[in-house]
Amino acid sequence: MMAAIARVPLTHTLPTILNHTHFLPRRLSFPTYLNRSPFRSFSAASSSSQGDSRLLGGSDSIVGDLLDYLNESWTQFHATAEAKRQLLAAGFHLLSENEEWNLKPGGRYFFTRNMSCLVAFAVGDKYVPGNGFHAIAAHTDSPCLKLKPKSASSKSGYLMVNVQTYGGGLWHTWFDRDLSVAGRAIVRDSDGNFVHRLVKVNRPLLRVPTLAIHLDRTVNSDGFKPNLETQLVPLLATKEDGTSAESKDKNVSPSSKDAHHPLLMQILSDDLECKPEDIVSLELNICDTQPSCLGGANNEFIFSGRLDNLASSFCALRALIDSCASSENLSTEHGIRMIALFDNEEVGSDSCQGAGAPTMFQAMRRIVSSLGNAQVTECTFDRAIRKSFLVSADMAHGVHPNFADKHEENHRPQLHKGLVIKHNANQRYATSGITSFLFKEVAKLHDLPIQDFVVRNDMGCGSTIGPILASGVGIRTVDCGIAQLSMHSVREICGTEDIDIAYRHFKAFYRSFSSVDRKLTVDD
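A brief structural summary. Note that the structure is a prediction, hence the values are computed from the model and not measured.

Calculation rules
- Residues numbered from 1 in each chain as written.
- Predicted model: local features only at pLDDT ≥ 70, side-chain atom pairs only at ≥ 80, totals over all residues.
- Heavy atoms only, no water.
- Salt bridge = Lys/Arg side-chain N within 4 Å of Asp/Glu carboxyl O.
- Helix = DSSP H or I, 4+ residues; strand = E, 2+ residues; numbered from the N terminus.
- Buried < 20%, exposed > 50% of the residue type's maximum accessible area, 1.4 Å probe, protein only.
- Phe/Tyr/Trp six-rings, centres within 6.5 Å; stacked < 30°, edge-to-face > 60°.
- Lys NZ or Arg CZ within 6 Å of the ring centre and 35° of its normal.
- Pairing = 2+ DSSP bridges.
- Contact = heavy atoms within 4.5 Å.
- Axes fitted to C-alpha atoms, helices over the stretch in contact; angles between N-to-C directions.

**Concerning the pattern of salt bridges**
Now for step 1: What the rule picks out here adds up to 13 salt bridges.
Now for step 2: The shortest N-O distance in the salt bridge between Lys148 and Glu229 comes to 2.9 Å. Here the residue Lys148 occupies a position in strand 5 (residues 144-155), and Glu229 occupies one in the loop between helix 6 (219-222) and strand 9 (235-238), the gap between them amounting to 81 residues.
Now for step 3: Its relative accessible area of 51% is what places Glu229 among the exposed residues.
Now for step 4: In this structure, the salt-bridge partner of Arg318 is Asp322, at a minimum N-O distance of 3.2 Å.

Put into structure tokens, the structure is as follows:
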């Protein structure tokens with residue numbers, strides 16, 4: 001566990017209690033993946049005894065790797081870059097949307113869009129044009145604060161950073177947190193060209209302080225209701241610190257023309273190893289610096305930001321990679337296994353990198369065309385879609401022990417009890433009786449638990465990318481997710497067992513769906 005924590009350098013000394021044995025119960029430990037180069041291993045695990053090489057029921061657990069992924073993926077850009085790294089290490093070939101594709105049966109491929117959206121796929125050795133796609137879709141973005149294009153401001157002797165709210169976050173949870181910035185920058189290189197770079201300041205840099213109760217006596221009775229424009233503004237430094245001798249030596253004196261504080265630009269340029277004036281564009285998120293970790297008396301929980309929806313994204317990524325890790329895994333496959341990780345789900349998906357764009361279906365059409373050669377006709381792609389199936393994977397609402405009445409009494413998903421199939425008669429979720437049955441049959445075939453969720457009639461229902469994609473070309477879709485608590489908080493909770501169950505269910509979907517689907521006849 002400490003290896004994940006060590007990724008975020010701390011400016012203060014950790015107390016003695018914070019060592020790796022504090023986080024590891026005697027009966028549990030982290031898995032090691034000594035033969036899996038795509039995945040980072042925990043130093044605590046690699047140096048432990050053989051008896052400590054099991055976590056949460058066996059060496060096939062992916063929980064340790066999920067924690068690594070979460071700690072790497074502060075933003076949607078970092079999540080996509082880390083997925084790209086793992087796919088390349090696993091032998092997938094990087095494609096460009098700007099070039100022709102020369103695909104072959106048995107091949108494994110992927111491409112990125114905007115470095116925040118990714119589509120990866122593996123072609124079965126027995127694929128013929130018109131066969132279907134078995135796809136899992138998730139999203140890389142999470143509710144957060146984002147820097148405004150002009151973020152520099154000052155209040156009462158402090159340097160402040162103006163932000164926008166992104167998505168429907170529980171914004172009160174962002175107060176009194178150790179925050180920093182991460183995202184991407186466009187940097188001018190020595191040749192005058194422009195380079196896309198990721199940036200992550202690995203230390204507490206910002207904070208949104210709450211008002212002392214002595215100055216707000218009714219906050220506990222009236223509720224904490226901050227003004228999101230004027231009171232949700234992180235402080236960066238005092239003006240005196242911002243114009244210190246050291247800062248002046250680096251030519252970071254503030255100017256009324258600066259879009260961002262020169263002090264902040266200097267910090268970013270140090271991380272990017274460039275001059276501040278060479279940073280020509282920024283797209284930054286405010287991020288919580290507390291590492292993702294295990295929690296609970298038995299380490300049965302994951303405490304982390306961005307579980308919605310990086311937990312689903314990672315389970316899908318690992319299931320695809322592991323389901324075709326060797327050539328034998330695709331030797332009997334007639335279809336195409338796919339994942340699609342989209343950006344901007346939290347704000348409606350209407351962007352070129354969101355699920356509202358035709359990214360996945362354009363990719364499917366190009367795949368069919370490239371693999372079909374002369375065999376492709378006008379109807380080949382349409383036939384492929386009719387045979388395809390999509391799993392829309394997004395986190396689900398686990399029943400809250402203190403607010404159990406917020407759930408319909410017969411549909412209260414629990415942690416550690418498996419994936420949750422989401423139903424809504426008004427099509428806020430894309431699940432139908434047919435798609436629910438097929439996904440449950442896969443679970444039944446592999447002895448995996450499954451749960452159902454439906455929202456109360458007197459409450460509104462959220463939605464997912466499922467209906468967007470299902471209605472795009474008419475692909476059969478089931479909406480499902482891992483049960484969690486504190487959704488859209490800066491710090492969320494899910495169960496460790498559900499991560500491994502989701503991973504096994506997704507892998508089973510890739511390996512078994514075709515045989516299950518063949519047994520069902522609907523429209524013939």
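**Quick word on unusual backbone geometry**
Now for step 1: Cis peptide bonds are those with omega within 30 degrees of zero, and the linkage from Asp308 to Asn309 qualifies with 15 degrees.
Now for step 2: Inspection of the secondary structure assignment puts Asn309 in helix 10 (residues 307-323).
Now for step 3: The phi angle at Asn114 is positive, at roughly 65 degrees, despite the residue not being glycine.
Now for step 4: Relative to the elements of secondary structure, Asn114 occurs in the loop between strand 2 (108-113) and strand 3 (117-123).
Now for step 5: Relative accessible area serves as the criterion here: at 27%, Asn114 is assigned to the partly exposed category.
Now for step 6: Not every positive phi belongs to a glycine, and Asn299 is a case in point at roughly 55 degrees.
Now for step 7: Relative to the helices and strands, Asn299 is located in the loop between strand 11 (293-295) and strand 12 (301-304).
Now for step 8: Judged by its relative accessible area of 7%, Asn299 is buried.

**Looking at the packing of aromatic side chains**
Now for step 1: What the rule picks out here adds up to twelve aromatic pairs.
Now for step 2: Arranged with centres 6.2 Å apart and planes meeting at 20 degrees, the rings of Phe301 and Phe303 form a pair that is stacked.
Now for step 3: Overall, the relative accessible area of 24% leaves Phe301 in the partly exposed class.
Now for step 4: When the centroid spacing of 4.6 Å and the interplanar angle of 40 degrees are considered together, the rings of Phe389 and Phe513 count as tilted. In this pair, Phe389 sits in strand 14 (residues 389-393) while Phe513 sits in helix 15 (residues 496-517), placing the two residues 124 residues apart along the sequence.
Now for step 5: By relative accessible area, Phe513 is classed as buried at 0%.
Now for step 6: Feature note: the residues Phe389, Phe439, Phe509, Tyr510 and Phe513 constitute an aromatic cluster, connected by ring pairs.
Now for step 7: The ring centre of Tyr503 lies 5.8 Å from the NZ or CZ of Arg318, which sits over that ring.

**Considering the pairing of strand 20 (residues 492-495)**
Now for step 1: As paired elements, strand 12 and strand 20 share four bridges and run antiparallel to each other. Among the inter-strand pairings, Ile302 is bridged to a residue of strand 20, identified as Cys494.
Now for step 2: Counted between consecutive antiparallel strands, the loop separating strand 19 (residues 483-485) from strand 20 contains six residues, among which Ser486 sits at a positive phi close to 60 degrees.

**A closer look at the sheet that holds strand 14**
Now for step 1: The strand order across the open sheet formed by nine strands is 1-2-3-13-4-14-18-16-17, and the pairing between neighbours is mixed. The sheet terminates laterally at strand 1 (93-94) and strand 17 (450-454), the two strands that pair on one side only.
Now for step 2: Here six bridges tie strand 2 to strand 3, and the two strands are oriented antiparallel to one another. When the bridges of strand 3 are listed, Phe110 appears paired with Ala120.
Now for step 3: Sitting on the sheet, helix 5 (residues 76-89) is in contact with strand 1, strand 2 and strand 3, with an inclination near 20 degrees to strand 3.
Now for step 4: The strands touched by helix 10 within the sheet are strand 3, strand 4 (133-139), strand 13 (336-342) and strand 14, with strand 4 carrying the most contacts at an inclination of about 150 degrees.

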